[in-house]
Each structure stands twice: as structure tokens, then as C-alpha cells.
Amino acid sequence: MDVGMTLPVMEPDLWAEDGTLEAWSRAIDEGPFSSLCFGERLAFDNPDAPTLLGAVAAWTSRVRLVTTVVVPQLHAPVPLAKALATGDRLSGGRLTVGVGVGGRDEDYRAADADPSTKTIAGMTERVATMRRVWAGERVVDAVRPVGPAPVQAGGPPILVGTLGRRTIRAASAWADGLAGMSLDVDLAEMAAVFDLTRESWREAGRPAPRVTTSFWFALGDGAREQVHRHLRHYMNWIPVEFVDALAASAGFAGTEAELVDQLKRIEDLGADEVQLIPTGSDIDQVKRVADLLD
């Protein structure tokens, strides 16, 4: 099973020092990780996802770059397809695109996006347009098709970010796999989602899907408090009493040995990749996990 690492793009002290994102990117690329991941929010102080994609393409040379996730409905689909194809070009064909409907109304308001498109159908329609752009079709009235063409034939692989049964079944018609996320690292729930994904792709007559999942993590003394601080900042659109209740069991907080055991259990479920989500911006987290994987 592969193990990826997510950049600390949602941390409150991300911008306290110049070079944090570059240092993390280079450490991930030089380590035993399979992918470098980052997600998207608009009404927040995180970096813009398409801009960051260009930077990490330049800062790395080996790992896959995974958006976990972008919300197509927050963008015009043709410019988004162009930005992602550019990222695929700059990275030499290392991009995987995770997409999701998005759960925050404030992001739709910030993008001046139509809230009625916050649906599976709205996401599906935009993904189809992006794939037409990547195929070189003339999707707009212009002299030439919108480019550049991505390095990967047909465009980057697309994973659907969801745990919902309806979305998984609907996405089996067009996605290449699952970008899952576990709030509390519930292995039984993971197994059920993985099984549903494989069953849905098989019933749709599609090739076997890439099955990935992710979860928040913190290591060592004060790990649970670190997860709690992260969730208080990141989940700012949810009433704080609900966040505090969730923080008692969310993600992984423990020792290195316990994390290794947890990863082995997820591997036994047949996951292709786990993408760890840091709950702090200290680069020591990357080094500690890298030592476990070497």
C-alpha cells in the first residue's frame, strides 16, 4: 500500500514563515511517500489550489501530485481544465485530480457559484467538460482548442471525493477511483466504502478503481490536543460544541508504533493508498513518518 502526505495548507501558522510549503514539498518528494496532496477552500486563508499546483510541480520531481479535493462547481470548467492540464504538463504527467461536491455554502458564495449546482449532476457535468477539453475538442467558439494538452492521455486520473453511496454509484460511470476520507479511522466503515466502490465499478463494467483514503494525524505527546486545535481552526463553519465533541475521537493521535499498526490494518482492507493529513505545520511530522516507512 502506498502512503501519501498532505501539505499543511489549512494550518493557522502556515504563513508565519516563508518557505514552509516549499520545505514540506521537497521533504515529501525526497522521502518514501507516494504522493503530495492538498485540498481546496475559498472562504479561508489557505493557498489557491491551481496556483499551488504550479509551485509544487516545480518543487518536486518524483511524487504524484493529488488534489484532495477541488470542487468543479466553484470554477468555470474550461479555465479549470486549462489550469489542471498546465499542472500536468509542468509536473511531467504526475497529477491526479480529486473532485467533490463540497460541503460549505460559504465557498459557493465566495466563488459567486450557483448553489443549485451543488449536486452530483453538477459535478458530473463539469468533469465531462474538462475531459472534453483534455481530449482536444473545441468546447468553445475559438480558432484553436483550449490547451495545453495534458501529458497523460485523456487527462489526469480523476478520483471522486465522497463517502456517500449515491455519489459513489453515480461516479462509477466516469471516475477512476475513490478519494475517501475517514473522520475517525473507522475500519469497518472503510471496508464498507471500499467494497461498495469496487462493486459499483464492477457493475458499471469499468476497470478496477483506485481506492484511497485519508485521515488527520498527530504523533507523540499532546497528539490529541494537536488534532483538537487543528479542527477548531479548520472546521470553523461548524458550531464549536460539535467540533469539540468530534475532536475527542477524530483522526489518529498516538505513537509511531500505533500508526504503523493502523496503516497495516488499512492495507489489509485492500486500500491502494492512505494519504495522511497533518494537524500542524512542523516539518518534523514528515520526517517522523518517513522514518516509519523506510
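Structure: above.
The model shown is predicted, which means the values in this text are computed figures rather than measured ones.

Turning to the pairing of strand E3 (residues 64–70), a few remarks are in order. Burial analysis of E3 places 5 of its 7 residues in the buried class, which makes it a mostly covered element. In the sheet, strand E2 (residues 35–38) pairs with E3 via 4 bridges, with the strands oriented parallel. Bridging across to E3, Cys37 finds its partner in Val66. The β-α-β motif built from E2, the intervening helix H2 (residues 49–59) and the parallel element E3 has right-handed crossover chirality. Both E3 and strand E4 (residues 95–99) contribute to a ladder of 4 bridges, which runs parallel. Note on E4: the bridge partner recorded for Val70 is Val99.

Relative to the elements of secondary structure, Gln152 occurs in the loop between helix H5 (120–134) and strand E5 (158–160). On the basis of relative accessible area, Gln152 is assigned to the buried category, the value being 17%. Among the polar contacts made by the side chain of Gln152, one reaches the main-chain carbonyl oxygen of Leu95 at a distance of 2.9 Å. What Gln152 contacts, discounting residues up to four positions off in sequence, is Arg64, Asp88, Gly93, Arg94, Leu95 and Pro157.

Ranked by internal contacts, the top residues of the largest apolar core, which has 79 residues, are Met5, Leu7, Ile28, Phe38, Phe215 and Leu276. The element contributing the most residues to this core is strand E7 (residues 210–219), with 6 residues.

Our next topic: the packing of helix H8 (residues 223–234) against helix H9 (residues 240–247). Closest axis-to-axis distance for the H8/H9 pair is 9 Å, and the angle between their directions is 150 degrees. Here H8 is positioned roughly antiparallel relative to H9, judged by the angle of their axes. As H8 runs across H9, the sense of the crossing is right-handed. Taken together, the residues of H9 that come into contact with H8 (itself represented by Arg224, His228, Leu231 and Arg232) are Val240, Val243, Asp244, Leu246 and Ala247. Taken together, the residues of the contact of H8 with H9 sort by class into 5 nonpolar, 1 polar and 3 charged.

Turning to the packing of aromatic side chains, a few remarks are in order. Inspection of every chain in the model, using the stated rule, returns 2 aromatic pairs. Aromatic pair Phe44 and Tyr234: ring centres 6.3 Å apart, planes at 85 degrees, arrangement edge-to-face. You can see Phe44 sitting in the loop between E2 and H2 and its partner Tyr234 sitting in helix H8, a full 190 residues away along the chain. With respect to class, Phe44 is no different from Tyr234; both count as buried. Note on Tyr234 and Trp237: the rings are 5.9 Å apart at their centroids and 85 degrees apart in plane angle, and the pair reads as edge-to-face. In this structure an aromatic cluster arises from ring pairing among Phe44, Tyr234 and Trp237. Here the guanidinium or amino end of Lys118 rests over the ring plane of Tyr108, the centre of that ring lying 5.9 Å away.

It is worth spelling out the pattern of salt bridges at this point. Per the stated rule, a full pass over the model turns up 16 salt bridges. Across the pair Arg26 and Glu22 runs a salt bridge, and its minimum N-O distance is 2.9 Å. Of this pair, Arg26 and Glu22 are both found in helix H1 (residues 20–30), 4 residues apart, which corresponds to roughly one turn of the helix. On the accessibility criterion, Arg26 (35% relative accessible area) is partly exposed. Between Asp176 and Arg206 there is a salt bridge, and its shortest N-O distance comes to 3.9 Å. Here Asp176 is found in the loop between helix H6 (165–171) and strand E6 (177–179), whereas its partner Arg206 is found in the loop between helix H7 (187–203) and E7, with 30 residues between them in sequence.

Calculation rules
- Residues numbered from 1 in each chain as written.
- Predicted model: local features only at pLDDT ≥ 70, side-chain atom pairs only at ≥ 80, totals over all residues.
- Heavy atoms only, no water.
- Buried < 20%, exposed > 50% of the residue type's maximum accessible area, 1.4 Å probe, protein only.
- Helix = DSSP H or I, 4+ residues; strand = E, 2+ residues; numbered from the N terminus.
- Pairing = 2+ DSSP bridges.
- Right-handed = clockwise from strand over helix to strand, strands pointing away.
- Polar contact = N/O pair within 3.5 Å; in protein donor to acceptor, adjacent residues only side chain to side chain.
- Contact = heavy atoms within 4.5 Å.
- Core = buried A, V, L, I, M, F, W, Y, C linked by side-chain atoms within 4.5 Å.
- Axes fitted to C-alpha atoms, helices over the stretch in contact; angles between N-to-C directions.
- Parallel < 35°, antiparallel > 145°, perpendicular 65-115°, else oblique.
- Left-handed = near helix turned anticlockwise from the far one by under 90°.
- Nonpolar A, V, L, I, M, F, W, Y, C, P; charged D, E, K, R; others polar.
- Phe/Tyr/Trp six-rings, centres within 6.5 Å; stacked < 30°, edge-to-face > 60°.
- Lys NZ or Arg CZ within 6 Å of the ring centre and 35° of its normal.
- Salt bridge = Lys/Arg side-chain N within 4 Å of Asp/Glu carboxyl O.

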